Amino acid sequence: MPWFVAVIDGVPDFRIVARGKVDEAIAFGRCFICGSPLGRWGSFAIGPLGLFNRMAPEPPAHKDCACYAACACPFLVRPSMKRRGAGLPEGHSLATHTPGIAMPHNPGATAVWTTRSHEIIADERGGTLFRMGDPEDVLWFVEGRAAARDEVLAACGAELDRMRALMQAEGAPASDRAALEAGYVYAVTFAPT
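Residues numbered from 1 in each chain as written. Predicted model: local features only at pLDDT ≥ 70, side-chain atom pairs only at ≥ 80, totals over all residues. Heavy atoms only, no water.

A. Representation of the sheet that holds strand S6 (residues 118-122) in the model. Read from one edge of the open sheet, three strands run S4-S7-S6, paired in antiparallel fashion. Each having just a single partner strand, strand S4 (55-56) and S6 make up the two edges of the open sheet. The pairing of S6 with strand S7 (residues 128-132) spans five bridges and is classified as antiparallel. The partner of Ile120 across the bridge, within S7, is Phe130. (Pairing = 2+ DSSP bridges. Helix = DSSP H or I, 4+ residues; strand = E, 2+ residues; numbered from the N terminus.)

B. Focus on the packing of aromatic side chains. Counted under the stated rule, the structure contains seven aromatic pairs. Summarising the aromatic geometry, the rings of Trp3 and Phe32 are spaced 6.4 Å apart at their centres and angled 80° between planes, so their arrangement reads as edge-to-face. Placement of the pair is Trp3 in the segment before strand S1 (5-8) and Phe32 in the loop between helix H1 (21-28) and strand S3 (42-46), with a sequence separation of 29 residues. Like Trp3, the residue Phe32 is buried in the burial classification. Grouped by ring-pair contacts, the aromatic residues Trp3, Phe4 and Phe32 constitute a single cluster. (Phe/Tyr/Trp six-rings, centres within 6.5 Å; stacked < 30°, edge-to-face > 60°. Buried < 20%, exposed > 50% of the residue type's maximum accessible area, 1.4 Å probe, protein only.)

C. Up close: the side chain of Lys21. Turning to its location among the elements, Lys21 is positioned in helix H1. It turns out Lys21 is buried and unbridged, and the closest side chain with the opposite charge, Glu24, is 4.5 Å from it. With sequence-adjacent residues up to four places away left out, Lys21 is seen in contact with Trp3, Phe4 and Phe32. (Lys, Arg positive; Asp, Glu negative; His and termini not counted. Salt bridge = Lys/Arg side-chain N within 4 Å of Asp/Glu carboxyl O. Contact = heavy atoms within 4.5 Å.)

D. Structural context of helix H5 (residues 149-170). The first and last C-alpha atoms of H5 sit 31 Å apart over 22 residues, in line with the 32 Å expected at 1.5 Å per residue. The complete set of buried residues in H5 reads Val152, Ala155, Cys156, Gly157, Glu159, Leu160, Met163 and Met167. For H5, the secondary structure elements touched by its buried residues are helix H2 (48-53), strand S8 (135-142) and helix H6 (174-188). Where H5 terminates, the next one or two residues include Gly171, which has phi positive at roughly 65°. (Expected span 1.5 Å × (residues − 1).)

E. A nonpolar patch on the surface, seen in detail. On the surface, a nonpolar cluster with roughly 340 Å² of combined accessible area is contributed by Met1, Val7 and Phe14. Structurally, the position occupied by Met1 is in the segment before S1. By relative accessible area, Met1 is classed as exposed at 62%. (Patch = residues over 30% accessible without salt bridge, like charges linked within 9 Å, V, L, I, M, F, W, Y side chains within 5 Å. Areas by Shrake-Rupley, 256 points an atom, 1.4 Å probe, with all protein chains shown as cover.)

F. Geometry of the pairing of strand S5 (residues 110-115). Taking burial as the measure, the six residues of S5 include six buried ones, the bulk of the element. By the bridge criterion, five bridges tie S3 to S5 in an arrangement that is antiparallel. Within S5, the position partnered with Ala45 by the bridge is Val112. Relative to S8, S5 is paired through six bridges, and the arrangement is antiparallel. Residue Trp113 lies in a different strand from S8, and its bridge partner there is Val138.

G. Spotlight on the side chain of Thr115. Residue placement: Thr115 occurs in strand S5. Side-chain polar atoms of Thr115 contact the backbone oxygen of Gly133, separated by 3.4 Å. In contact with Thr115, other than residues within four places in its own chain, are Arg40, Trp41, Gly42, Phe44, Gly133, Asp134, Pro135 and Glu136. (Polar contact = N/O pair within 3.5 Å; in protein donor to acceptor, adjacent residues only side chain to side chain.)

So, in structure tokens, the structure goes:
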């Protein structure tokens, strides 16, 4: 069971981060997946949007742990998977259980972004986000296996389309829309060859 998972009434709920785990991972340099100390490197398992904006909603992990998450987490592995809001404990919702924007759908492809640096940032709701430093390595996974270039490009394109529609509906400023487009162009440079 991943180190961060909340146990509620004796039952692990993989959708919820246990209270204090993010702070403990930050304060003590722990891997968010296994809880052991991190070294100089940290890896983030993120969807295309994380590459577009270089932000991650969870602390870094060991590269092996992040790859394991990308290959074993049902939400990341199953293409038709949606975040389940039913049965969340009182006080939790899909909109509030994670910092930033909790995308309700499987990201289509998961990148493991390995870097020597990251910056901790507060989101608008007081949650914690992680701005990832330049990558040393970016690995891609789809359905629990190494991803092909066309799969990564399709996932990035689909996420770009979803975010364009969301920004249009919300009346996002032109600067935000331009940043999204630039983020997409940046992200696809890391697609496998």
